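Residues per chain are reported as follows:
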Amino acid sequence: MKTIILGLAATLALSTAALAQDGPQRIVAIGGSLTEIVYALGQEDRLIARDTTSVFPREALALPDVGYMRALAPEGVLSVDPDLILTLEGAGPPEAMDVIRSASVPVVTVPESFDREGVLAKVEAVGEALGVEDEAAELAKRIDADLQAAEAAASGIDDPARVLFILSMEGGRVMASGTDTAADGMIRLAGGENAITDYPGYKQLTDEAIVTAAPDVILLMDRGGNLDPAPVDLSTQPALAATPAGETGRVIRMDGAFLLGFGPRTADAAKELAAKLHAEAD
């Protein structure tokens, strides 16, 4: 009898330890790249909700949407009863995040940087938060190899195209990327040269600034709705029309989450952008 009791106690201890190792089972992912990483790690069954930027893979769209990552409502995030909230740096607004952090739910904030090291750091952080460090190490190894290959290919480009990434053209005003953005990081990763380096982040450009930037290529992201500039908008905007890109009609559009996500698909995005830059330059 004593042996049976000891055996049962050992089994219960092992079960408890295994449960602890399993980690959180009701995860909300806020940030498209984090959702992609969870899926790439094979841990999607633990996701119970996502934010609006989490649009890949398509299966993620079936999850409840708790809102846009920069305009969160605490009630929406907490209403799904998560046991872990996984969020990208920059989620907000700050007061909403303060309320979320004050709830009795762990919040893991993952830093964001727009380079190879940043992608690998995200994978490591998600793996640690989910308790799947070994799987994360394997995924990071594969992603690292792909990104290094993309970087090597880009380094061989002798005459990089000057690229102007336009975020929006609402009312004919050009909102474009400077440095320290996902667009800037992707342009460099693909072997291009950002045509705007005078400021960090996104700003509206004057006509003079657009002409001075003299981009060879205009890069846009496809996201649907009225926010996508149509080709006619570009050709009829006088400053853009006066640039090399406007004169030759060199405009590249790519899916926004794919282009700017800096997650598991970033190497593929960089290769695709590089191919488009090179092909349209021929």
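Residues numbered from 1 in each chain as written. Predicted model: local features only at pLDDT ≥ 70, side-chain atom pairs only at ≥ 80, totals over all residues. Heavy atoms only, no water.

### Side note on the pattern of salt bridges
When the charged atoms of two side chains with opposite charge come close together, those side chains can pair. Using the criterion set out here, one finds nine salt bridges in the structure. The partner of Glu 193 in a salt bridge is Arg 162, with the nearest N and O atoms 3.0 Å apart. Within this pair, whereas Glu 193 is found in strand 7 (residues 193-194), its partner Arg 162 is found in strand 5 (residues 162-168), the two being separated by 31 residues in sequence. For Arg 162, a relative accessible area of 23% corresponds to the partly exposed category. Of the charged contacts, one joins Asp 184 and Arg 188 as a salt bridge, the two residues approaching to 3.2 Å between their closest N and O atoms. In this pair, Asp 184 and Arg 188 are both assigned in helix 7 (residues 182-189), four residues apart and thus about one turn of the helix distant. One salt-bridge network, in which partners are shared between bridges, spans Arg 116, Glu 117, Asp 144 and Glu 151. (Salt bridge = Lys/Arg side-chain N within 4 Å of Asp/Glu carboxyl O. Helix = DSSP H or I, 4+ residues; strand = E, 2+ residues; numbered from the N terminus. Buried < 20%, exposed > 50% of the residue type's maximum accessible area, 1.4 Å probe, protein only.)

### What about unusual backbone geometry?
Here Phe 56 and Pro 57 are connected by a cis peptide whose omega angle stands at -5 degrees. The residue Pro 57 is located in the loop between strand 2 (47-50) and helix 3 (74-78) in this model. The phi dihedral of Asp 180 is positive, around 60 degrees, even though this residue is not glycine. For Asp 180, the position within the fold is in the loop between strand 6 (175-177) and helix 7.

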